[in-house]
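Commentary on secondary and tertiary structure
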Amino acid sequence: MTTTTISVNGLRLRAFHGVMEQERRVGNTFELSISLRYPSLEAIATDDISHALNYGEVIETARREMSIPSALLEHAAGRVRDALCRRFPLIEGGSVTLAKLTPPLGVEIASAAVTIEW
């Protein structure tokens, strides 16, 4: 069996995740990177998108889940993973990395992130 990994890297979204009430009220910029493994023999043979993971649909699925506020990055990333697995049952595994850019921690930091792998 031939397996392919598709990746969506650096998808930046405005969302309202955070433990503090102010984070959920004013929001922040988040960055998602997603890698998904799936059997790709039919996509390779047919050149037909119906046999592939459509990364446009991956992005829309992730955007939908990111629009639902969560206290924890782990929870938001887990919802993205679960929604992708429901939408694309051929997914064999992958990873979702969710980073909060410039989190309000009182120090200069580029991001804080979690990665869920399965």
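Reading the values: the criteria
Residues numbered from 1 in each chain as written. Predicted model: local features only at pLDDT ≥ 70, side-chain atom pairs only at ≥ 80, totals over all residues. Heavy atoms only, no water. Core = buried A, V, L, I, M, F, W, Y, C linked by side-chain atoms within 4.5 Å. Buried < 20%, exposed > 50% of the residue type's maximum accessible area, 1.4 Å probe, protein only. Helix = DSSP H or I, 4+ residues; strand = E, 2+ residues; numbered from the N terminus. Pairing = 2+ DSSP bridges. Axes fitted to C-alpha atoms, helices over the stretch in contact; angles between N-to-C directions. Contact = heavy atoms within 4.5 Å. Patch = residues over 30% accessible without salt bridge, like charges linked within 9 Å, V, L, I, M, F, W, Y side chains within 5 Å. Areas by Shrake-Rupley, 256 points an atom, 1.4 Å probe, with all protein chains shown as cover. Salt bridge = Lys/Arg side-chain N within 4 Å of Asp/Glu carboxyl O. Polar contact = N/O pair within 3.5 Å; in protein donor to acceptor, adjacent residues only side chain to side chain.

1. A look at the nonpolar core
Core analysis: the largest hydrophobic core is formed by 26 residues, its most contacted members being Leu32, Ile34, Leu36, Val58, Met66, Leu84 and Leu98. Elements represented by at least two residues in this core include exactly strand S1 (3-15), strand S2 (28-39), helix H3 (55-66), helix H4 (73-87), strand S3 (93-101) and strand S4 (111-117).

2. Description of the environment of Val80
Here Val80 is to be found in helix H4. Assessed through its relative accessible area of 0%, Val80 is described here as buried. When the C-alpha positions of Val80 and Met66 are compared, they lie 7.3 Å apart, and in sequence the two are 14 residues distant.

3. Topic: the sheet that holds S3
One open sheet holds the 4 strands; their spatial order is S1-S2-S3-S4, and the pairing between them is antiparallel. Sheet topology places S1 and S4 at the edges, where each strand pairs with a single neighbour. The sheet shows a mean angle of 10° between the axes of neighbouring strands, taken without regard to direction. With 7 bridges joining them, S3 and S4 adopt antiparallel strand pairing. Its bridge partner being in S4, Leu98 is matched across the sheet by Val114. Docked against the sheet, H3 engages S1, S2 and S3, running at close to 40° with respect to S1. In this fold H4 packs onto S2, S3 and S4, with an angle of close to 40° to the strand it touches most, S4.

4. With respect to a nonpolar patch on the surface
Taken together, the side chains of Val19, Met20 and Leu72 present a nonpolar region at the surface, about 290 Å² in accessible area. Looking at the element boundaries, Val19 is found in the loop between S1 and helix H1 (21-26).

5. Looking at the environment of Thr3
Tracing the chain through its elements places Thr3 in strand S1. C-alpha of Thr3 to C-alpha of Tyr38: the two residues are 35 residues apart in sequence and 5.5 Å apart in space. Apart from residues lying up to four places away in sequence, Thr3 is in contact with Arg37, Tyr38, Pro39, Ser40 and Glu92. A polar side-chain atom of Thr3 sits 3.5 Å from a polar atom in the side chain of Glu92.

Spatial relationships are all this shows, so hold off on functional conclusions.
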